[in-house]
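Descriptive analysis of the structure
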Amino acid sequence: MTDKEDHWVAKDYINNAAFVPKLTSVLVDDFLRPQPTDTILDIGCGDGALTSRIPCNKIYGVDSSASLLEVARTNHGLNVMLLDGRDLNAKKVVSEFNNGIFFDKVMSNAALHWVLNTRDRENEAEAKLNAGASSSETQLLGDTIRQNFFNQVFASLKSGVGAVFAAEMGGLGNVAEIHTAFLATLARYGMTPAEAQRVGASPWFFPHEDTIRNLLEIAGFVVEKIERVYRSTPLPHGNKGLLEWIKLFGFSFVDAFEKFQERKNVPAAERVSSERFLQEVCDLLTTICYDPQDSKQAYAGYVRLRWRAIKP
Ligand SMILES: C[S@@+](CC[C@H](N)C(=O)[O-])C[C@H]1O[C@@H](n2cnc3c(N)ncnc32)[C@H](O)[C@@H]1O
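The rules behind these values
- Residues numbered from 1 in each chain as written.
- Predicted model: local features only at pLDDT ≥ 70, side-chain atom pairs only at ≥ 80, totals over all residues.
- Helix = DSSP H or I, 4+ residues; strand = E, 2+ residues; numbered from the N terminus.
- Rg over C-alpha atoms; globule rule 2.2 N^0.38 Å.
- Buried ≥ 20, exposed ≤ 12 C-beta atoms within 10 Å, placed from the backbone.
- Contact = placed C-beta atoms within 7 Å.
- Axes fitted to C-alpha atoms, helices over the stretch in contact; angles between N-to-C directions.
- Parallel < 35°, antiparallel > 145°, perpendicular 65-115°, else oblique.
- Left-handed = near helix turned anticlockwise from the far one by under 90°.
- Nonpolar A, V, L, I, M, F, W, Y, C, P; charged D, E, K, R; others polar.
- Core = buried A, V, L, I, M, F, W, Y, C linked by C-beta atoms within 7 Å.
- Pairing = 2+ DSSP bridges.
- Right-handed = clockwise from strand over helix to strand, strands pointing away.
- Near = placed C-beta within 6 Å.

**What to know about the overall build of the chain**
Counting its regular elements, the chain contains 14 helices and 8 strands. A globule of 312 residues ought to have a C-alpha radius of gyration of about 20 Å, and the chain, at 20 Å, matches this closely. For the C-alpha atoms alone, the extent of the chain along its principal axes is close to 60 × 55 × 40 Å. Taken over 312 residues, the chain has a buried fraction of 39%. Considering only contacts in the chain between residues 6 or more positions apart, those separated by 24 or more positions represent 74%.

What follows is the structure in structure tokens.
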């Protein structure tokens with residue numbers, strides 16, 4: 001279960017990010033390679049648009065957004081569970097979904113860079129420590145949470161049959177221009193990049209492939225292939241697409257900015273609105289994300305990190 005505020009609005013996701021589940025032929029055909037007999041778990045399944053298209057015997061999804069899961073159930077009839085991926089427990093998902101039978105494959109698309117960001121948990125742990133909790137109560141941090149996630153994926157797969165974990169996520173350098181514009185706009189109002197990092201303004205974890213290879217191998221996987229590739233991605237809705245992207249995915253920077261203004265005691269009348277903040281991020285990017293000859297089509301510099309790993 002997750003008791004975090006749900007920032008995902010299904011309608012906005014479907015209107016502005018329908019390209020996310022569509023641009024998946026490489027992940028599905030070359031890395032996942034689903035078979036008609038497969039039982040699959042999709043981590044961060046969202047609205048289920050991709051999950052429901054995977055040709056297999058049975059497929060289940062977990063996600064931390066109640067709003068997106070509702071769409072996965074009602075529009076696609078999927079069997080899904082509300083779960084923060086960082087709390088993945090192999091025994092629990094296997095028994096609740098599949099009568100205790102382990103999965104043939106685990107997949108994930110465009111979700112693990114959210115799941116593997118642990119800054120909020122680190123800040124919660126630090127607050128508990130400051131309030132007098134013992135360090136044993138706050139041990140589950142950063143790398144440990146991430147390793148535990150990979151260990152649990154490994155444990156949820158069948159043994160001895162070449163079960164597969166195939167996933168695609170943002171890798172090092174993903175949407176670097178947009179990421180930088182968020183940080184630059186925060187800095188313009190006085191929040192340094194170091195402070196932005198400390199408070200967890202960025203919700204993402206965009207690693208190098210070696211970091212993921214290491215996590216996979218320590219969990220026990222044999223990495224069959226792993227790659228990190230640049231994919232310039234056209235955004236929908238012409239010259240409105242960039243702002244829509246920034247609004248859809250930028251909620252964590254907006255939260256950080258609002259709290260920063262509160263901490264600084266900026267008088268209410270002088271506070272910069274979240275709309276203005278988001279527009280400023282967008283304005284910084286207009287000469288970067290458009291072809292100089294075409295002001296109607298925005299592109300985001302996606303970097304995709306994908307792998308196919310086998311449980312021996
Ligand atoms: C860009 S969407 C991708 C959804 C879907 N896989 C697709 O291809 O369309 C990212 C998804 O990650 C989910 N997510 C973010 N943080 C998560 C977490 N900690 N645990 C589980 N899901 C999470 C979001 O709710 C959202 O559904």
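Here the narrative resumes.
**Regarding the packing of helix H9 (residues 176-188) against helix H14 (residues 274-289)**
Close contact between H9 and H14 brings their axes to 9 Å; oriented N to C, the two are set at 135 degrees. Between H9 and H14, the interaxial angle falls into the category oblique. Helix-helix and strand crossings are classified by hand; for H9 and H14 the assignment is right-handed. Residue-level inspection shows Glu 177, Ile 178, Ala 181, Phe 182, Ala 184 and Thr 185 of H9 in contact with H14, the latter providing Phe 277, Glu 280, Val 281, Leu 284, Leu 285, Ile 288 and Cys 289. Grouping the amino acids of the contact of H9 with H14 by side-chain chemistry returns 10 nonpolar, 1 polar and 2 charged.

**Overview of unusual backbone geometry**
Unusually for a residue other than glycine, Asn 99 sits at a positive phi of about 50 degrees. Mapped onto the elements of the fold, Asn 99 is located in the loop between helix H5 (90-98) and strand S4 (105-109). Of note in the backbone geometry, Val 175 takes a positive phi value of approximately 35 degrees without being a glycine. Tracing the chain through its elements places Val 175 in the loop between strand S5 (163-170) and H9.

**Some details on the nonpolar core**
Nonpolar side chains tend toward joint burial in soluble globular proteins. By size, the foremost hydrophobic cluster in this structure holds 51 residues, and its most contacted members are Val 106, Phe 165 and Ala 166. Apart from residues lying up to four places away in sequence, Phe 165 is in contact with Val 106, Val 153, Leu 157, Phe 221 and Ala 309. The next biggest cluster of nonpolar side chains, apart from the first, holds 26 residues, and it includes Leu 186, Leu 242, Leu 243 and Phe 257.

**A closer look at the environment of Val 199**
Tracing the chain through its elements places Val 199 in helix H10 (residues 193-199). For Val 199, a count of 19 C-beta atoms within 10 Å corresponds to the partly exposed category. For the pair formed by Val 199 and Glu 122, sequence separation is 77 residues and the distance between their alpha carbons is 9.8 Å.

**Quick look at the pairing of strand S2 (residues 58-63)**
Burial analysis of S2 places 5 of its 6 residues in the buried class, the great majority of the element. As judged from the 5 bridges shared by strand S1 (residues 39-43) and S2, these two strands associate in the parallel manner. Counted as the bridge partner of Asp 42 is Gly 61 from S2. Looking at chain direction, S2 and strand S3 (residues 79-82) are connected through 4 bridges and run parallel. Bridging from a neighbouring strand, Tyr 60 pairs with Asn 79 of S3. A crossover connection joins S2 to the parallel S3 through helix H4 (residues 66-76); in handedness this β-α-β unit is right-handed.

**Points about the site of the ligand**
Of all residues adjacent to the ligand, which total 20 residues, the nearest are Gly 46, Ser 65, Gly 85, Ala 111 and Trp 114. Those elements that place two or more of their residues in the shell around the ligand are helix H2 (19-22) and helix H6 (112-115). Partitioning the shell around the ligand into residue classes produces 11 nonpolar, 6 polar and 3 charged.

**Describing the packing of helix H13 (residues 251-263) against H14**
It is the contact of H13 with H14, at a shortest axis distance of 10 Å, that shows an interaxial angle of 125 degrees. On the basis of the axis angle, H13 is oblique to H14. Between H13 and H14 the crossing geometry is right-handed. Of the residues in H14, those in contact with Val 254, Phe 257 and Glu 258 of H13 are Ser 274, Phe 277 and Leu 278. When grouped by side-chain class, the residues that make up the contact of H13 with H14 number 4 nonpolar, 1 polar and 1 charged.

**So, the environment of Ala 298**
With respect to the element layout, Ala 298 can be found in strand S8 (residues 294-311). Classification of Ala 298 by C-beta neighbours within 10 Å gives buried; the count is 26. Excluding residues that lie within four positions of it along the chain, Ala 298 makes contacts with Leu 235, Asn 239, Gly 241, Leu 242, Cys 289 and Tyr 290.

**Comments concerning the pairing of S4**
Counting buried positions along S4 yields 5 of 5 residues, so the element is predominantly enclosed. Burial along S4 is two-sided: Lys 105, Met 107 and Asn 109 facing one way and Val 106 and Ser 108 facing the other are all buried. With 3 bridges connecting them, S1 and S4 associate as parallel partners. Note that in S4 the partner of Asp 42 across the bridge is Met 107. In this sheet, S5 lies alongside S4 in parallel orientation, the contact comprising 5 bridges. Looking at S5, one finds that Ser 108 is bridged to Ala 167.

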